[in-house]
Amino acid sequence: MDNSTQTFLTKFILLGLSTIPGLQIFFSLLFLLMYMVSFSGNLILIIVVQFNTQLRTPMYFFLTNLAVIDICFSSTVVPKIISNTLSSDQSISFFGCAAQLYFHLSLGSTECLLLAVMAYDRYIAICKPLLYITIMSKTCCLYLAGGCWIVSFFDSFLLTFFTFQLPYCRSNFISHFFCEMPPLFHISCKDTWFNELMNYIAAGLIVLGLFLLILMSYLFITLTILKIRSTKEQQKAFSRCASHLTVVCLFYGAVMFIYLHPHYSDSPEHDKVVTVLYTVVTPMLNPIIYSVRNKEVKKAMKKTFYFRSYNRNFCSFSP
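- The name that an unreviewed UniProt entry assigns to the protein is Olfactory receptor, with the source organism given as Engystomops pustulosus.
- The annotation that UniProt attaches to the protein under Subcellular location (unreviewed entry) is "Cell membrane".
- Of the protein, the UniProt comment under Sequence similarities (unreviewed entry) reads exactly: "Belongs to the G-protein coupled receptor 1 family."

Focus: the packing of aromatic side chains
Then comes step 1: Per the counting criterion, the structure on display carries 25 aromatic pairs.
Then comes step 2: Geometrically, the ring pair formed by Phe162 and Phe194 is edge-to-face, given 5.5 Å between the ring centres and 80° between the ring planes. A residue pair is termed long-range when its members are at least 10 positions apart, and Phe162 in helix α6 (residues 138-163) and Phe194 in helix α8 (residues 193-226) qualify at 32 residues.
Then comes step 3: The rings of Phe12, Phe94, Phe95, Phe164 and Tyr168 are connected pair by pair, giving a single aromatic cluster.

Looking at the pattern of salt bridges
Pairing is possible between side chains that carry opposite charge, provided their charged atoms lie close to one another.
Then comes step 1: On inspection of all chains with the given rule, the structure shows one salt bridge.
Then comes step 2: Taking the shortest distance from any N to any O, the salt bridge between Asp121 and Arg122 comes out at 3.0 Å.
Then comes step 3: On the basis of relative accessibility, which here comes to 5%, the residue Arg122 falls in the buried class.

Quick word on the environment of Phe12
Then comes step 1: Mapped onto the elements, Phe12 comes out in strand β1 (residues 11-14).
Then comes step 2: Distance in space between the C-alpha atoms of Phe12 and Cys97 is 7.6 Å, their sequence separation being 85 residues.
Then comes step 3: Sequence-distant contacts of Phe12, that is, excluding residues within four places in its chain, are made with Gln90, Ser91, Ile92, Phe94, Cys97, Phe164, Tyr168, Asn172, Ile174, Leu184 and Ile187.

Comments concerning the UniProt feature "transmembrane region" (unreviewed entry) in the protein
Then comes step 1: Following the UniProt record, the feature "transmembrane region" (unreviewed entry) maps to residues 25-48, 60-82, 102-120, 141-164, 200-221, 242-261 and 273-292 here.
Then comes step 2: Helix and strand shares over residues 25-48 are 100% and 0% respectively, and the end C-alpha atoms of the span are 34 Å apart.
Then comes step 3: Across residues 242-261, helical content stands at 95% and strand content at 0%; the span's end C-alpha atoms are separated by 28 Å.

What counts, and at which threshold
- Residues numbered from 1 in each chain as written.
- Predicted model: local features only at pLDDT ≥ 70, side-chain atom pairs only at ≥ 80, totals over all residues.
- Heavy atoms only, no water.
- UniProt positions renumbered as here; feature names shortened; annotations may be inferred.
- Phe/Tyr/Trp six-rings, centres within 6.5 Å; stacked < 30°, edge-to-face > 60°.
- Helix = DSSP H or I, 4+ residues; strand = E, 2+ residues; numbered from the N terminus.
- Salt bridge = Lys/Arg side-chain N within 4 Å of Asp/Glu carboxyl O.
- Buried < 20%, exposed > 50% of the residue type's maximum accessible area, 1.4 Å probe, protein only.
- Contact = heavy atoms within 4.5 Å.

Have a look at this one:
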């Protein structure tokens with residue numbers, strides 16, 4: 001494709017994780033399985049929080065937001081992969097690619113911001129417990145959650161807009177399994193230094209900046225916990241933070257690798273593997289991590305499903 005054909009570009013071809021048809025099917029089935037686990041796990045978490053009044057706290061409010069984001073986040077990628085594999089048509093329209101990139105960036109940025117807000121919530125709960133109810137009021141939580149969504153969707157609009165202002169005349173083949181900025185930059189016939197600079201600034205502020213703030217908050221949290229005399233209370237406090245810190249390391253680590261290292265074309269296969277980690281694997285693991293390590297969630301799950309099962313059985317045996 002040359003510059004003259006840029007006007008007529010109507011679709012891209014997604015090459016997927018592998019060019020081998022058999023492996024494409026295998027990866028698609030694997031993605032489908034992980035997507036089903038992710039969708040059902042996050043949905044169960046939302047239902048459990050909504051049906052248990054003891055979980056109506058800021059922490060679980062943000063956790064519900066995170067579950068909604070994870071469902072939507074993986075939904076921007078996996079259904080298209082399955083569709084392309086089943087139909088043997090690996091194409092995606094120009095506007096479909098732009099929409100996929102926009103929502104993927106928006107939801108990914110929202111998750112970054114929300115994980116930082118959750119770290120702030122833990123900081124207030126442990127370091128300023130007497131002020132927790134006052135600071136983390138319902139209004140404050142709504143503003144914090146809403147701010148995460150608004151800032152992310154605005155920032156992602158700018159990045160997506162400038163990405164699709166580029167002329168794509170080298171090829172319309174994207175060496176990836178979905179539309180993402182680095183592989184799109186690679187097939188542009190124009191110098192992408194401005195777009196890459198915007199990408200690094202956005203990633204630096206949102207990803208690296210927030211990650212450093214999270215680490216700082218956990219530094220204060222750790223210092224506060226170490227001052228607690230009771231070993232049992234120390235372990236309880238650390239366990240409350242362990243789930244969140246695990247999710248932060250998984251998600252932020254993968255995102256920083258993709259968006260803050262400059263040479264995409266040097267290691268596209270490695271980048272695909274890392275991208276799978278934060279687009280599919282992390283959304284699947286989040287509800288598992290929060291459920292397995294959280295006694296309150298496990299107790300609420302048993303209560304919710306036992307109560308519903310009991311009601312159903314009671315109704316079935318009623319005259």
